Amino acid sequence: MDINPSRSHLWRTGPGGRGPVVYWMSRDQRVRDNWALLHAFALSVAHRVPLRVVFCLADGFLGAGLRHYAFMLTGLGEVAAGCAARGIRFELLRGDPGEKVAEYCREVDARAVVTDFDPLRVKQEWMRRVVAAVDADLYETDAHNVVPCRVASHKREYGARTLRPRIGRLLPEYLEDFPEVPEHPFAERGPGLELDVSTLLAGRGADSGVPLVTDILPGEQAAGAALREFIEMRLPGYAQGRNDPNAGMVSGLSPYFHFGQLAPQRAVLSVMAARQEVGGENVDAFVEEAVVRRELSDNFCLYCPDYDRFEGLPDWGKRTLAAHAGDRREYTYDRETFARGLTHSGLWNAAQAQLRETGRMHGYMRMYWAKKILEWSPDPRQALETAVWLNDRYALDGRDPNGYVGVLWSVGGLHDRPWTERPVYGQVRYMNERGCRRKFDVEAYIRTWLPPDGPSAGPAPRS
Ligand code: FO1
């Protein structure tokens, strides 16, 4: 089982102990198609020791709520079973990962440690603390990107235009199929760890304003089924239908990508295999989203620590928004009003209802939704904070590089270019309801998400 070594970054070397190799799972919460797990598996076999998989449950991860933990923990239950079936022990730790994972590695006298790559500040900080505390080799393996983020570019890229050719050149080397994870030769038997999801969730405050998501199933199996369903039903019209929120032509895969229950690389391999049936333009459109756009998001978050703040905007975006910060706003709302969908716009309130009720929103609507927050907030800095807060609170795939970049693109022109100057937006690309009406049946969308007899607004959120 040879894993391309350039998928891993060796953060430290050390003698290591006489215990197992530890894979500290965090972003890529799956057994199959996981380069970090495969790398740890290969290391453990080479050292003739068992493999352990640990996940540390951090309380209050960036404000995540019951909706997110329920989806994630159910998926982890499947990971625990998948590990046990291969003679690999899965352990669930709780608390501050920077401390608990280091403690665990010392307790089991880890031979070496592998963790998966995640560009978010909090994750990089956790990893640095484990690197400092554990005297063993520690590898960070990029299991999320097809072309490893640290290989694709060593600096913040200006946009898709500058990253795309670099990805294109490297794709043939990295877009390979995954080896299966076999039974471990140094298997550890014992009672498989049963994740008691309901007990684990009981500890969290139920949040009336953010209902559980029930219309999609979490976990690796469900993710595989969602991918097959997408390829059969929606990929054939993907390139066209991508901008029609009523057509439902979304891949619907982003929650599975976010929690690592599906590898973007698996999705790309499967979509490319269907090229004959579904047509090249649809495959290319999907690859652009799942590879170029997604890797550009990781690139931005890795090389720009202000990825979720006004400071992270391109200079032209900051300048133009500041120049128009004093423009008169026709409407201004605070974030509770936005959260409850109580603006003057039925279309915007419908989009917020879709996000609040389902934890997902169509890509095209997300752009319109965020841009109106810019237009109807007192100032651009508050607009950005509101959009990030709403997205992290309600979107199943919030707290993700893709989400932060999407918001900064919409509100401040990140990875976009200057457009015709206008009030409030300055040269940030403008979108409005009339543009939506040209693209899709707005009335149908509003009827779907704001049914005349349904509740007009969600309950007041506890901020
Ligand atoms: N990663 C962890 O290692 N431990 C957690 O407890 C954890 C909770 C969590 C809750 C919501 C959410 O959206 C993400 C969460 N993550 C957690 C991180 C997640 O796995 C991804 O790594 C990042 O959010 C995407 O970069």
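Since the structure is predicted, the reported quantities are computational estimates derived from the model, not experimental observations.

Asker: For this particular structure, what's the right way to read the overall build of the protein?
Answerer: If you tally the helices and strands in the protein, you get 21 helices and six strands. Expected size for 463 residues packed as a compact globule is a radius of gyration near 23 Å; at 22 Å, the protein falls within 12% of this value. Referenced to the eigenvectors of the C-alpha coordinate spread, the extents of the protein come out at roughly 65 × 50 × 45 Å. Within the span of the protein, comprising 463 residues, buried residues form 59% of the whole. Residue pairs at least 24 apart in sequence account for 80% of intrachain contacts in the protein once pairs closer than 6 positions are excluded. If you sum the accessible surface of the protein, you get close to 18,600 Å²; carbon and sulfur atoms cover 51% of it.

Asker: Before we go on, may I ask you to explain the nonpolar core in this structure?
Answerer: Soluble globular proteins: nonpolar side chains tend toward being buried together. In terms of nonpolar packing, the biggest core is built from 103 residues, with Leu76, Phe90, Leu253, Tyr256 and Phe286 touching the most fellow members. The biggest single contributor to this core is helix α2 (residues 66-84), with 10 residues. Not counting chain neighbours up to four residues away, the residues in contact with Phe90 comprise Met25, Val53, Phe55, Leu76, Val79, Ala80, Cys83, Leu193 and Leu195. In terms of nonpolar packing, the next biggest core, distinct from the first, is built from 50 residues, Phe300, Ala383, Val411 and Val424 among them.

Asker: I would appreciate a short explanation of the pairing of strand β6 (residues 136-141) in the present structure.
Answerer: Each regular strand shows side chains that alternate between the opposite faces of the sheet. Along β6, six of the six residues are buried, which leaves the element largely enclosed by surrounding structure. Following the chain from strand β5 (residues 112-116) across helix α4 (residues 121-133) to the adjacent parallel β6, one finds a crossover that is right-handed.

Asker: I tried to follow the domain arrangement of the protein on my own but got confused; where do I start?
Answerer: Many structure descriptions define interface size as the accessible area lost when the parts assemble. By the assigned domains, the protein splits into domain 1 (5-143), domain 2 (145-179 + 219-305) and domain 3 (310-449). Computed from C-alpha atoms alone, the centre-to-centre distance between domain 1 and domain 3 is 36 Å. At the junction of the two partners, domain 1 supplies 10 residues and domain 3 supplies 13 residues. Summed over both partners, the interface of domain 1 with domain 3 buries about 810 Å², with 59% contributed by carbon and sulfur atoms. Three residues, Arg67, His68 and Leu120, lead the burial of domain 1 against domain 3; their summed loss comes to 62% of the area buried on that side. One can count zero salt bridges joining domain 1 with domain 3. Where domain 1 touches domain 3, the interface holds five residue pairs in polar contact (both at pLDDT 80 or more). Residue composition of the side of domain 1 that touches domain 3, grouped by class: six nonpolar, two polar and two charged.

Asker: Is there a simple way to explain the packing of helix α16 (residues 346-358) against helix α17 (residues 363-375) in this structure?
Answerer: Geometry of a packed helix pair, given as the angle between the helix axes and the separation of the axes. One way to put it is that α16 packs onto α17 with a least axis distance of 10 Å and a crossing angle of 115°. The two elements α16 and α17 cross, and the hand of that crossing is left-handed. Of the residues in α17, those in contact with Leu347, Trp348, Ala351, Gln352 and Leu355 of α16 are Met365, Tyr368, Trp369, Lys372 and Ile373. Of the residues belonging to the contact of α16 with α17, the class tally is eight nonpolar, one polar and one charged.

Asker: Can you walk me through helix α19 (residues 401-412) in this structure?
Answerer: An α-helical turn contains 3.6 residues, so a residue and the one three or four places further along point in the same direction. The end-to-end C-alpha distance of α19 is 16 Å, a good match for the 16 Å that 12 residues give at a rise of 1.5 Å each. For α19, the full list of buried residues reads Pro401, Gly403, Tyr404, Val405, Val407, Leu408, Trp409, Ser410, Val411 and Gly412. Turning to α19, the residues buried within the fold contact α13 (280-303), α14 (315-323), α17 and α18 (380-394). The N-cap of α19, judged by a side-chain oxygen 2.8 Å from the amide nitrogen of Asn402 a few residues on, is Asp400. Directly beyond the C-terminal end of α19, a positive phi value near 75° is found at Gly413.

Asker: Just checking my understanding: could you explain the pattern of salt bridges for this structure?
Answerer: For side chains bearing opposite charge, pairing can occur when the charged atoms are close. Scanning the model with the defined rule gives 34 salt bridges in all. Two residues, Lys100 and Glu99, come together in a salt bridge whose shortest N-O distance is 3.9 Å. We note a salt bridge from Lys318 to Asp315, for which the minimum N-O separation is 3.8 Å. Residue Lys318 and its partner Asp315 are located together in helix α14, separated by three residues, close to a single helical turn. On the basis of relative accessibility, which here comes to 23%, the residue Lys318 falls in the partly exposed class.

Asker: Can you walk me through the environment of Glu336 in this structure?
Answerer: As for its placement among the helices and strands, Glu336 is situated in helix α15 (residues 335-339). C-alpha separation for the pair Glu336 and Leu390, spaced 54 residues apart in sequence, amounts to 9.4 Å.

Asker: I keep staring at the site of the ligand and nothing clicks. Help me out?
Answerer: With respect to spatial proximity, 21 residues lie near the ligand, and among them Ser26, Ala58, Asp118, Lys123 and His258 are the closest. Between the ligand and Ser26 there is a distance of 2.7 Å, counted from an oxygen atom to a side-chain nitrogen or oxygen. Between the ligand and the protein, one listed contact pairs an oxygen atom with a backbone N or O atom of Ala58 at 2.7 Å. For the shell around the ligand, the secondary structure elements donating two or more residues are β3 (51-57), α2 and α4. Here the residues of the shell around the ligand sort into 12 nonpolar, five polar and four charged. Here the shell around the ligand gathers at least three residues from each of two domains, domain 1 (5-143) and domain 3 (310-449).

Quick notes on the rules
Residues numbered from 1 in each chain as written. Predicted model: local features only at pLDDT ≥ 70, side-chain atom pairs only at ≥ 80, totals over all residues. Heavy atoms only, no water. Helix = DSSP H or I, 4+ residues; strand = E, 2+ residues; numbered from the N terminus. Rg over C-alpha atoms; globule rule 2.2 N^0.38 Å. Buried < 20%, exposed > 50% of the residue type's maximum accessible area, 1.4 Å probe, protein only. Contact = heavy atoms within 4.5 Å. Areas by Shrake-Rupley, 256 points an atom, 1.4 Å probe, with all protein chains shown as cover. Core = buried A, V, L, I, M, F, W, Y, C linked by side-chain atoms within 4.5 Å. Right-handed = clockwise from strand over helix to strand, strands pointing away. Domains from an automatic or database assignment. Buried area = accessible area lost by both parts, 1.4 Å probe. Salt bridge = Lys/Arg side-chain N within 4 Å of Asp/Glu carboxyl O. Polar contact = N/O pair within 3.5 Å; in protein donor to acceptor, adjacent residues only side chain to side chain. Nonpolar A, V, L, I, M, F, W, Y, C, P; charged D, E, K, R; others polar. Axes fitted to C-alpha atoms, helices over the stretch in contact; angles between N-to-C directions. Left-handed = near helix turned anticlockwise from the far one by under 90°. Expected span 1.5 Å × (residues − 1). Near = heavy atom within 4 Å.

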